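Below are the chains, spelled out letter by letter.
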Amino acid sequence: MRKQMIISVMSKDRPGIIASITGAIYKLGGDVADLNQTVLCGYLTMILNASFEESVTKEDLHAAISHIKTNCKFEVSIKELASGDTLETSGPPEDTYILTVQGPNKGGIVHGISQFCFDHNINIFDLATTLKDGQYTMALQLDLKTCTCPIGELQQKLETYSAENDLTVMMQHNDIFQVTNEITLH
Amino acid sequence: MLRSDQILSTVEMIQKENLDVRTVTMGINLLDCRSGNIEETCKKIETKIITFAGNFVATCNEMSKKYGIPVVNKRISVTPIALVGAGFKKDDFILIAKTLDRAATKVGVDILGGFSAQVEKGMTETDREFIASVPEALAQTEKICASINIATTHKGINMDALAIMGQTVKDLAEMTADQGGFGAAKFVVFCNQPGDNPFMAGAIHGVEEAEAVLNVGVSGPGVIARALERLIAKHPEPGSLQFDELAEEIKQTTFRVTRCGELIGRAVSMSLGIEFGVVDLSLAPTPTIGDSVGEIFKILGVDSVGAPGSTAILAMLNDAVKKGGIFASKTVGGLSGAFIPVMEDAVLAEAVGDGSLTLEKLEAMTCVCSVGLDMIAIPGSVDADTIAAIIADEMALGVINSKTTAARLIPVPGKEVGDHVNFGGLFGASPIMPVNNVGKSSRFIAWGGRMPAPIHSFKN
């Protein structure tokens, strides 16, 4: 049984960051599984999941990454998964919905929506926001499995929220977006 | 997660552009309901419909809520009733129509289709009794739609049935004169009628179909119109956008629209445990502003619907819709094309009013699209033989071109050119369309017999 570790890295973006980090993992006999990375305002952030022999420790991995020769400092955080922790399976669960929010930019939009989700025990899987020409746009991927109210009622509450906050808030099932944007029919 | 721009374009399609699933239609086979007498047969029909469709409307509403896409109509189609009621008389068929109407009301569907006969080659005694029952049956029921198939590419046209159709249309309109002849709007005459079409008034559950199936009709002319407008707005320079690029946009948009229909249809089918049939990817307009096929003609370059170029535009539109939809769906069927039902499309109705769209041009346009001369209000004074002859021309187009064509004409009692008729709701409104050469085709209709099936080689 190999040991699973979750590694998060943040750094000023430059060519070769992924090569450096995955190189350090490879030298320790690690095997990279899932990896996500994004660049925002010139900064790169990356989160990945890798497996190692039982003998490799968090400290070994920290040391290997800190020995990488680079001009920019890596901020690294490593968590070791306990043997009981299950790795997420691929594909979103049945109750995955996409929420979109559009409106003129103002303070507190992201907080307001995320608080709304929290108030209804909705988990946010993924969130992307953009600001263009004074218009703020958010797209959230939500898991409604543990939501505290039925879908019809939630849609009504979102309508009220839209009106009260001068935002256009829409929520549709994730499947709609998949079938209209992907070739494969699941 | 998908990119934000993909997400937002899908949201626009659903929320702002009238994307909906136009109809989910449950086809039910009723052949096993024939019993020794009419009372027992009616009882069996009602029981079977309620057994299969009892949860149908609630399930559609539930899926509509789950996916956030409206399912506008929930409908039922049944085995052509002339077959179900073999040996029955006219009055028995009227009782069956009333039974179907009652069952449709009990399960809460909008319309029930399949009060139908298929007589493309010959008529049985039952077929004649059945056809004789149609005007009264439709006048005395609310939710029942009737259709008669009088022609196919392989059998030609049944000219005896054709003559009766002209009179049937007249009788239907006159028996419902207090509603502007609305009865005729629930009756359609077909050539090459498909057995899996979910759209009314021509939906039937063909004898080749399984016990029960779900067919879905997707629409979305509004979505296509807005997609084209956006594409054109991005290319303001003359010559920077060509016709093939517009066709490609229609194809891609149809793909997305069709996918939504398929998703909802399969979800309803799985939930009810009823086989999924087909997606019919037709562009069916509604009288709602922004949900018009006529509007697409104007966007694509003619200033009036019916102006030269309109037939070519419709040919491209119909073909692009098929190409996008067929790739999107596992099983495509029904009519699948662009509809031009005049009363149901505000822009087409307006074109009739200003004289730019004539019956002759409409007939030409139906050569390249589905379905045919659809929802056309004509003067109440037009005689039965002239109506039969208009139907004959439309049937001939279908027979020769191996396609489905149909005619749904409404001779509005007491109204003439310059008047206006309004049925309300999805059936819409229109000025009365002029008919040229009225009363000059009676000798042709009087021949009877059959128009032979055409040769299937030497096509040119």
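Keep in mind that what you see is a predicted model, and the values were worked out from it rather than measured.

Moving on, we get to the interface of chain A and chain B. Between chain A and chain B, the contact holds 28 residues from the first and 25 residues from the second. For the pair chain A and chain B, the summed buried surface comes to about 2500 Å²; carbon and sulfur atoms form 68% of the total. By the criterion of area lost to chain B, the three top residues of chain A are Ile176, Thr180 and Leu185 of chain A, representing 23% of everything that side buries. At the surface where chain A touches chain B, the tally comes to 0 salt bridges. Counting the contacts that link chain A with chain B gives 9 residue pairs in polar contact (both at pLDDT 80 or more). Those elements that place two or more of their residues in the side of chain A that touches chain B are strand E5 (96-104), strand E6 (123-132), strand E7 (135-143), helix H4 (151-165), strand E8 (168-173) and helix H5 (174-181) of chain A. A total of 7 residues in the side of chain A that touches chain B trace back to one element, the largest contributor, which is H5 of chain A. Considering only residue class, the side of chain A that touches chain B consists of 13 nonpolar, 11 polar and 4 charged.

Another aspect to go through is the sheet that holds strand E1 (residues 3-12) of chain A. All names here are of chain A. Spatially, the 4 strands line up as an open sheet ordered E2-E3-E1-E4, and their pairing is antiparallel. Lying at the two open borders of the sheet, with one neighbouring strand each, are strand E2 (31-40) and strand E4 (75-80). The average angle at which neighbouring strand axes cross in this sheet is 10 degrees, direction not considered. Note: E1 against E4, 6 bridges, orientation antiparallel. By the bridge assignment for E4, Ile7 is matched with Ile78. Across the sheet, helix H1 (residues 17-27) is in contact with E1, E2 and strand E3 (43-52); its angle to E3 comes to roughly 20 degrees. Those strands touched by helix H2 (residues 58-66) are E1, E3 and E4, and its axis lies near 160 degrees from that of E4.

The next thing to look at is the environment of Ser64 of chain B. One can find Ser64 of chain B in helix H3 (residues 56-67). What makes Ser64 of chain B buried here is its relative accessible area of 16%.

Turning our attention to the packing of helix H3 (residues 109-119) of chain A against H4 of chain A. Residues and elements named next belong to chain A. Taken N-terminus to C-terminus, the directions of H3 and H4 make an angle of 155 degrees; their axes are 12 Å apart at the nearest point. Looking at the two axes, H3 sits roughly antiparallel to H4. Seen along the crossing, H3 lies across H4 with a hand that is right-handed. In this structure, H3 uses Gly112, Ile113 and Phe116 to contact H4, whose residues at the interface are Leu154, Lys157, Leu158 and Tyr161. For the contact of H3 with H4, a count of residues per class yields 5 nonpolar, 1 polar and 1 charged.

Compared with the 44 Å implied by 1.5 Å per residue over 30 residues, the 43 Å span of helix H9 (residues 243-272) of chain B between its first and last C-alpha is a close match. Of the residues flanking the end of H9 of chain B, it is Gly273 of chain B, one or two places downstream, whose phi is positive at about 70 degrees.

Looking now at the environment of His120 of chain A. Residues and elements named next belong to chain A. Summarising the element assignment, His120 is placed in the loop between H3 and E6. For His120, a relative accessible area of 9% corresponds to the buried category. Ignoring sequence-local partners within four residues, the contact set of His120 consists of Thr146, Cys147, Thr148, Cys149, Leu154 and Lys157.

Mapped onto the fold, Thr253 of chain B is located in helix H9. Polar contacts involving the side chain of Thr253 of chain B include one to the main-chain carbonyl oxygen of Glu249 of chain B, which spans 2.7 Å.

So, on to the sheet that holds E6 of chain A. Residues and elements named next belong to chain A. Taken together, the 4 strands give an open sheet; going across it, the order is E6-E7-E5-E8, and neighbouring strands pair in antiparallel fashion. The sheet terminates laterally at E6 and E8, the two strands that pair on one side only. Between one strand axis and the next, the sheet turns by 15 degrees as a mean value, whatever way the strands run. One ladder, built from 9 bridges, connects E6 with E7; its direction is antiparallel.

What follows deals with the pattern of salt bridges. All names here are of chain B. All told, the structure shown has 19 salt bridges over all chains when counted by the stated rule. Across the salt bridge formed by Arg22 and Asp20, the nearest N and O atoms sit 3.4 Å from each other. For the salt bridge of Glu211 with Lys48, the shortest nitrogen-to-oxygen distance reads 2.3 Å. Of this pair, Glu211 sits in the loop between strand E6 (187-191) and strand E7 (212-218) while Lys48 is found in helix H2 (residues 38-53), placing the two residues 163 residues apart along the sequence. Residue class for Glu211 comes out partly exposed when judged on its relative accessible area of 39%. By relative accessible area, which is 10% here, Lys48 ends up buried. Via salt bridges that share partners, Asp20, Arg22 and Asp291 belong to a single interconnected network.

Right, let's get into the nonpolar core. Formed by 161 residues in total, the largest nonpolar core has its most connected members in Phe115, Ile150 and Ile391 of chain B. The element that contributes the greatest number of residues to this core is H9 of chain B, accounting for 9 residues. Ignoring sequence-local partners within four residues, the contact set of Ile150 of chain B consists of Val119, Glu120, Gly156, Ile157, Asn158, Ala161, Leu162, Met165, Val189, Phe190, Ile391 and Met395 of chain B. Formed by 21 residues, the second largest nonpolar core is a distinct cluster that contains Cys117, Met138, Leu140 and Cys147 of chain A.

Next up on the list: unusual backbone geometry. All names here are of chain B. Note that the residue after Met200, namely Ala201, is joined by a cis bond; omega there is 15 degrees. Here Ala201 is to be found in the loop between E6 and E7. The phi torsion at Asn192 lies on the positive side, around 55 degrees, for a residue other than glycine. Tracing the backbone shows Asn192 in the loop between E6 and E7. With a phi close to 55 degrees, Met375 is a non-glycine residue in the positive phi region.

Rules used throughout
- Residues numbered from 1 in each chain as written.
- Chains lettered and ligands numbered in written order.
- Predicted model: local features only at pLDDT ≥ 70, side-chain atom pairs only at ≥ 80, totals over all residues.
- Heavy atoms only, no water.
- Contact = heavy atoms within 4.5 Å.
- Buried area = accessible area lost by both parts, 1.4 Å probe.
- Salt bridge = Lys/Arg side-chain N within 4 Å of Asp/Glu carboxyl O.
- Polar contact = N/O pair within 3.5 Å; in protein donor to acceptor, adjacent residues only side chain to side chain.
- Helix = DSSP H or I, 4+ residues; strand = E, 2+ residues; numbered from the N terminus.
- Nonpolar A, V, L, I, M, F, W, Y, C, P; charged D, E, K, R; others polar.
- Pairing = 2+ DSSP bridges.
- Axes fitted to C-alpha atoms, helices over the stretch in contact; angles between N-to-C directions.
- Buried < 20%, exposed > 50% of the residue type's maximum accessible area, 1.4 Å probe, protein only.
- Parallel < 35°, antiparallel > 145°, perpendicular 65-115°, else oblique.
- Left-handed = near helix turned anticlockwise from the far one by under 90°.
- Expected span 1.5 Å × (residues − 1).
- Core = buried A, V, L, I, M, F, W, Y, C linked by side-chain atoms within 4.5 Å.

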